[in-house]
Amino acid sequence: MNSPAEDKPDDDTRPGPGTRGPELGVAAFLLLLAGMVIADSLRVGIGWADDGPRSGYFPFYIGLLLLASSGTVFVTTLLRWRKPSPVFAERSQLKTVFAMLVPMVVYVGGIALLGIYLSSAVLIGYFMRRYGKFGWPVTAAVSVGVPLAFFLVFERWFLVQLPKGPIERLLGF
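Computed from a prediction, not measured in an experiment: that's the story for all the values here.

Colleague: Sorry, what's going on with the overall build of the chain here?
Modeller: Looking only at helices and strands, the chain features seven helices and two strands. Going residue by residue from the N terminus, the α and β elements of the chain occur as α-α-β-β-α-α-α-α-α. For 173 residues, the compact-globule formula gives about 16 Å, and the C-alpha radius of gyration of the chain, at 24 Å, lies well above that figure. When its C-alpha atoms are laid out on the principal axes, the chain stretches across 65 × 60 × 20 Å. By the burial criterion, 23% of the 173 residues in the chain qualify as buried. Sequence-distant contacts in the chain: of pairs separated by 6 or more residues, those separated by 24 or more amount to 62%. On the chain, roughly 12,300 Å² of surface is accessible, and the fraction owed to carbon and sulfur atoms is 71%. Side chains of the chain give 16 positive and 12 negative charges; the mean places of these two sets differ by 2 Å.

Colleague: Sorry, what's going on with a nonpolar patch on the surface here?
Modeller: Nonpolar side chains collect at one region of the surface, where V97, F98, L101, V102, V105 and V106 lie side by side and expose about 550 Å² of accessible area between them. For V97, the position within the fold is in helix α4 (residues 91-114). A relative accessible area of 46% places V97 in the partly exposed class.

Thresholds, definitions, all that
- Residues numbered from 1 in each chain as written.
- Predicted model: local features only at pLDDT ≥ 70, side-chain atom pairs only at ≥ 80, totals over all residues.
- Heavy atoms only, no water.
- Helix = DSSP H or I, 4+ residues; strand = E, 2+ residues; numbered from the N terminus.
- Rg over C-alpha atoms; globule rule 2.2 N^0.38 Å.
- Buried < 20%, exposed > 50% of the residue type's maximum accessible area, 1.4 Å probe, protein only.
- Contact = heavy atoms within 4.5 Å.
- Areas by Shrake-Rupley, 256 points an atom, 1.4 Å probe, with all protein chains shown as cover.
- Lys, Arg positive; Asp, Glu negative; His and termini not counted.
- Charge placed at Lys NZ, Arg CZ, Asp CG, Glu CD.
- Patch = residues over 30% accessible without salt bridge, like charges linked within 9 Å, V, L, I, M, F, W, Y side chains within 5 Å.
- Salt bridge = Lys/Arg side-chain N within 4 Å of Asp/Glu carboxyl O.

What follows is the structure, given as structure tokens:
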């Protein structure tokens, strides 16, 4: 006799979400983005000045194209609502996506708090240990060396200021 835990289907074998939700979500997001682009283009001007097109001229038309295409996707998805929705991704595929997405979101938030260099070192170290299975010496060398190289190239050579955190401020940068 099987235990109740054995009777449950494995999460990886159950079908994933359908395409309808992701299509509507992305289309709605792009509709919002298109509206923002169009509104800001109208604010800065979409006509012609004495010296050529105003700042909002080209973004306005790109916003219109984005509005038309995302609106088309949104409406056609709603019109096909009663038809079966094919699977967007299997659960195992979604797990892989979220295994990359969550650390990247933390990384972006970390840039605001810790600066790009420390956040990059932590991200590189995390991926090297977790997925690359590298030892500590190699992980430490690469996760410190890559941000250091970026610091030298961007801050010193190209003179491009990237977001810094408390450690760089303590070191006087």
